[in-house]
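# Reading the structure
Spelled out, the chains give:
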Amino acid sequence: KRKRDNDSMNPVVHVAIIMDGNGRWALKRGRSRNKKNWWKSISKRKRDHDSMNSANHVAIIMDGNGRWALQKGKSRNYGHQCGLKTIEKIVDYSIEKKISYLTLFTFSSENWGRPKNEVSFLFKLLVNYFKKNLNKVIKNGIKVKIIGDKSQLAKNLRSIIKLAENKTKKNN
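The following refers to the structure shown. As the structure is a prediction and not an experimental result, all values here were calculated from the model.

Turning next to the overall build of the protein chain. Within the protein chain one finds five helices and four strands. Expressed as a percentage of the 172 residues in the protein chain, the buried residues total 35%. Sequence-distant contacts in the protein chain: of pairs separated by 6 or more residues, those separated by 24 or more amount to 53%. Surface accessibility of the protein chain: about 11900 Å² in total, with carbon and sulfur atoms responsible for 49%.

What follows is the structure, given as structure tokens:
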């Protein structure tokens, strides 16, 4: 969101990414003078992908993929796989629209409380993604930077993260 410092009455610009685990998503943008009603101002608008042309940084909290899958009678891991496919589409779209920064909030310290097999699956998704797609990431000029505490991650995951960060550090 953006806000002018010199004018507290200026509407705040909000960008929202609406996703479901089935790969459907929309980028929306809205303005509201009232922070509590920003979502209403966005949801009243038509889906307008072109309104993102001026976006420089988009941040996404990846949440709800497991719940979505359970509602569909599938496993939580199925939801996580679908979430990854959606993120791949968003990365491609971000490249197409020349969005400079894409931040994905993918794992919080609270997620360590999930079942071990689910946590392990999430990390395997990341390892497999980079093993399969690192050359594509490099070719597309993407710079990978994993932030946060990585000390509790498995050694193979820390290794692939380090490899991805090193191989893409000159990208912008």
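The next point concerns the nonpolar core. Ranked by internal contacts, the top residues of the largest apolar core, which has 13 residues, are Phe123, Phe130, Val144, Leu153, Leu157, Ile160 and Ala164. By residue number, the principal contributor to this core is helix α4 (residues 116–139), which donates seven residues. Excluding residues within four positions of it along the chain, Phe123 makes contact with Phe107, Trp112, Leu153 and Leu157. Counting residues in each nonpolar core, the second largest holds seven residues, with Ala55, Val58, Ile87 and Ile99 among its members.

Further remarks concern α4. With 24 residues, α4 extends 34 Å between its outermost C-alpha atoms, agreeing within 8% with the 34 Å of an ideal straight helix rising 1.5 Å per residue. Along its length, α4 shows its largest kink, about 65 degrees, at Asn133. What α4 keeps buried is the set Glu118, Val119, Leu122, Phe123, Leu125, Val127, Tyr129, Phe130, Asn133, Leu134 and Val137. At its buried positions, α4 is contacted by α3 (76–96) and α5 (155–168). Gly141 sits one or two residues past α4 and shows a positive phi near 75 degrees.

Reading guide: rules and limits
- Residues numbered from 1 in each chain as written.
- Predicted model: local features only at pLDDT ≥ 70, side-chain atom pairs only at ≥ 80, totals over all residues.
- Heavy atoms only, no water.
- Helix = DSSP H or I, 4+ residues; strand = E, 2+ residues; numbered from the N terminus.
- Buried < 20%, exposed > 50% of the residue type's maximum accessible area, 1.4 Å probe, protein only.
- Contact = heavy atoms within 4.5 Å.
- Areas by Shrake-Rupley, 256 points an atom, 1.4 Å probe, with all protein chains shown as cover.
- Core = buried A, V, L, I, M, F, W, Y, C linked by side-chain atoms within 4.5 Å.
- Expected span 1.5 Å × (residues − 1).
- Bend = angle between axes of the 7 residues up to and from the residue.

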